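# Chains, contacts and geometry: an overview
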Amino acid sequence: QVQLVESGGGLVQPGGSLRLSCAASGSIFSIWAMRWYRQAPGSQRDWVASITSSGSTNYAESVKGRFTISRDNAKNTVYLQMDSLRPEDAAVYYCNIDVVLPTSRASRTFWGQGTQVTVSS
């Protein structure tokens, strides 16, 4: 129905940068909010950042000033630019998107499969 494909994770040294992408495809009428979450081993999944359909953004305090969320509506893609990475940013990062379905015009939330981010020297 709707598929989310994440990419961009990997290993980076402290202070480095990574850019995550999450592309949505399938039965999509429109996309509302797009979000990123992360989950470290043994921890709950935490919200990281959000962007509305109009481009308004919000960030968790722990990443404010270091991470930037953006979206390309023509490509149904959300990005997370992560700068000044710290060891505590290491986690599996998940995208989360509110999709309006074309037939029912109902909104459903979909999750990406997750991409691993490792921050280590």
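The following paragraphs examine the structure supplied in this document.

In the case of a regular strand, side chains alternate between the two sheet surfaces. Side chains Phe67, Ile69 and Arg71 of strand 7 (residues 67-72) all project onto a buried face; the interleaved residues Thr68, Ser70 and Asp72 project onto a face where none is buried. Two strands pair when backbone bridges link them, and strand 7 and strand 8 (residues 77-82) are joined in this way by 6 bridges, in the antiparallel orientation. Bridging from a neighbouring strand, Thr68 pairs with Gln81 of strand 8. Between strand 7 and strand 8, which pair antiparallel in sequence order, lie 4 residues; one of them, Asn76, sits at a positive phi of approximately 50 degrees.

Before going further, it helps to examine the sheet that holds strand 1 (residues 2-7). Strand order in the open sheet formed by 4 strands is 1-3-8-7, and the pairing between neighbours is antiparallel. Of all the strands in the sheet, the pair left with one neighbour each is strand 1 and strand 7. Strand-to-strand twist across the sheet, computed as the mean angle between neighbouring axes with direction ignored, equals 15 degrees. Where strand 3 (residues 18-26) meets strand 8, 6 bridges bridge the pair, whose relative direction is antiparallel. In the strand pairing of strand 8, Arg19 is matched with Gln81.

Excluding glycine, most residues fall at negative phi; most peptide bonds, likewise, are trans. Its identity as a non-glycine residue notwithstanding, Ser84 has a phi of 50 degrees, on the positive side. Tracing the backbone shows Ser84 in the loop between strand 8 and strand 9 (91-100). The class of Ser84 is partly exposed, set by a relative accessible area of 40%.

About the thresholds
Residues numbered from 1 in each chain as written. Predicted model: local features only at pLDDT ≥ 70, side-chain atom pairs only at ≥ 80, totals over all residues. Heavy atoms only, no water. Buried < 20%, exposed > 50% of the residue type's maximum accessible area, 1.4 Å probe, protein only. Helix = DSSP H or I, 4+ residues; strand = E, 2+ residues; numbered from the N terminus. Pairing = 2+ DSSP bridges. Axes fitted to C-alpha atoms, helices over the stretch in contact; angles between N-to-C directions.

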